[in-house]
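# Structural overview for review
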Amino acid sequence: MSQAGENCVFAEGENSLIVFVTGIGQSFSYLFGDEYLSPCAFASGTLQDYENYAPLIAEGKFEKTWNLFPSDFAARMRQKKTRRALAPVLRGVLGSLMLRKNRLKSTDVRAFAKELFAGCVIDENGDGDPRVVTPRYALPLSRYPYITRPDGSSFSRAKERFYSCVPCADVSRRFLGDSFEDYLYCFNYKPYSTFSRTTRELHEFIGRILDENEVGAKEVVLIPMSMGASVVDAYLARYPDRRDNHVRRVVSVVGCHRGSDALYRLVTQQFLRKPAVMLRDALNGKKGIGAAAARAGLRLFGEKALDGLLYTALDGVIREVIFDAPTLMCLIPEDRYAEAREMAVSGAVLADADEFQRARLTLRDRLNDLSAQGVTFGFIAGYGLPFGADAGDFEMLGWVRGADNTNSDGVIQIESTVPGAASVPCGERFGDAGGRRLSPDGSVDISGAFFPDSSWLFQGQQHELEYNETALSLALRLALGRIKTVSDCDEPGSENGYYPQFNGSRDVKTLVRRDLPRLEKYLAGGGTLTPEQQKLYDEVRAMRLSTVNDRGRDDALMKRFTETLDACPAQ
């Protein structure tokens, strides 16, 4: 393993550790059986200790896993407490059906949600279900726990989980060499927690990996993604001195620095249309007995009663699950927080969330102060999409008010992912271009961004920016200090790579996850490529290395590649 100053690829001549602080949908938790809670379950410690849960996870000895919402609903429904809590909810639903007037109570929904989402609910100390483990590996990826299979190969569930969220292996190897995993870390945090607890845990995590790393690193580079940016902002607010936080650089990838207006509107139930209408429209065209029964049920309730029922159900779940966790309240933009805070469940939740929101108001000053201390910042974001556009699981955000009157990556508005930037709705242009620094389509002005010379934007890129390998390679170059500002990489042929400040979008998920493995299997089985097929394969590889994205051109190339594979024998 390399030591500081020896074959160092970091610009300063000494190594750092690269810590990914993942988004809310990239964190992961595991549910274990009751047998692991008994006093004699382990030789020492409890299930929450790394030495105990790490081998259990590696061996697959858990019941369920999830990222944001637990998937153990069937098991929860087998619990008597859950069924008892469901009874008044069912009475409310039946009463609404009979009277064609909403009879459901939010308090009943909250009681049921507390049992159904028991894996999420925390108490005022931030403690949750002791059977739920959110693993924290204070280790480089190269030392993640693994098992040895019967054939002698090794398998690390934890490492596979990381790469499924952050597919950075290829670009990391390219820039860091074959020992790249010695430099890569991931801070996996509980999405349902308090900021005071999460920032303390991040501080302890950084201290430990710096004490124990074998590459001579004395500082870290943080790469927060999505909600991870809120975690990092809270950490830098609590530890504002570089000597205490040990941060050399922050590279924000689609970071949620100022909340998501769409999520705020979702949790406060500000919809474009009434829920009954949206539900009816969602069912239109759906086939099957279940869809037909649902449509019949909608007619039986009546639109007014159904609206009241759905509003009440959403309110109960949101209050009990979302507004019971200060870390999720970071999703509320600071200028909307006063309106939303009354939905908080307890005083302890409010106190923690209030502290975070007060710190958010001084974000620019704090980052500038850290910049004066030598910490560098970079921001990578997508733009040019309304809320809910092409966003898969986030399609529901297209239902909220203002969805079509914003400029975002489909989930978070540009003013949050590039704090200080300004925008007009997608498809519109700033009428006054004087003194502005505009995107090619004229919809984004980054002249007021916190760090306008260290911000890169990808037009039409969805929130899942990690499947844009250009963005990932840019993030790694920023992490290494090879690029600090746009001027370091704005010319074709630059030794640091060419990364236009305003780029196109790209999504190689299907290519990387499906098509390339198919080709490798085909070739390993003795298959061969014609000269034309080989030429196409070379074009695909060249595209992956190219840092200039063109969605139409790149999608067409990947489509041709898929069709070529489909035509190969045994494909």
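Just above, that's the structure.
Described below are features of the structure shown in this document. (Residues numbered from 1 in each chain as written. Predicted model: local features only at pLDDT ≥ 70, side-chain atom pairs only at ≥ 80, totals over all residues. Heavy atoms only, no water.)

## A closer look at the sheet that holds strand S13 (residues 455-459)
Convention followed: In this description, strands pair whenever DSSP reports at least two bridges between them. For helices the rule is a DSSP run of H or I covering at least 4 residues; for strands it is a run of E covering at least 2, with both sets numbered from the N terminus onward.
The seven strands lie next to each other as S7-S1-S8-S9-S10-S13-S14, forming an open sheet whose pairing is parallel. Across the chains shown, the open sheet's two edge strands, defined by having one partner strand only, are strand S7 (184-187) and strand S14 (502-503).

## As for a positive patch on the surface
Cut-off, in case you're wondering: Exposure above 30% relative accessible area and no salt bridge define the residues that can form patches, which grow by joining like charges within 9 Å and nonpolar side chains of Val, Leu, Ile, Met, Phe, Trp and Tyr within 5 Å. For every accessible area listed, the method is Shrake-Rupley and the probe measures 1.4 Å; residues are considered covered only by the protein chains on display. Salt bridges are defined by distance alone: a side-chain nitrogen of Lys or Arg within 4 Å of a carboxyl oxygen of Asp or Glu. Positive residues here are Lys and Arg, negative ones are Asp and Glu, while His and the chain termini are left out of the count. The atom standing in for a charge is NZ when the residue is Lys, CZ when it is Arg, CG when it is Asp and CD when it is Glu. Throughout this description, buried means an accessible area under 20% of the type-specific maximum (1.4 Å probe, protein chains only), exposed means over 50%, and partly exposed covers the range between.
A contiguous patch of positive charge, built from Lys 101, Arg 103, Lys 105, Lys 274 and Lys 304, is present on the exposed surface. Position of Lys 101 relative to the elements: it lies in the loop between helix H3 (80-99) and helix H4 (106-116). Here Lys 101 falls in the exposed class, since its relative accessible area comes to 54%.

## What to know about the sheet that holds strand S3 (residues 64-66)
Read from one edge to the other, the open sheet built from three strands follows the order S3-S2-S4, with strand pairing classed as antiparallel. The open sheet has two edge strands, S3 and strand S4 (132-133), and neither has a second partner. Direction of pairing for strand S2 (residues 29-31) relative to S4: antiparallel, over a ladder of two bridges. Its bridge partner being in S4, Leu 31 is matched across the sheet by Val 132.

## Let's talk about the side chain of Asp 129
Which entries qualify depends on this criterion: Two N or O atoms form a polar contact when they lie within 3.5 Å of each other; inside protein one atom must be a possible hydrogen donor and the other a possible acceptor, and for residues adjacent in sequence the pair counts only when both atoms belong to side chains. For this analysis, residues touch if any pair of their heavy atoms sits within 4.5 Å.
Summarising the element assignment, Asp 129 is placed in the loop between H4 and S4. Taking relative accessible area as the criterion, Asp 129 reaches 17% and is therefore assigned buried. Separated by 2.9 Å, the side chain of Asp 129 and the backbone nitrogen of Arg 131 make a polar contact. Apart from the residues within four sequence positions on either side, Asp 129 is in contact with Gln 48, Ala 118 and Val 121.

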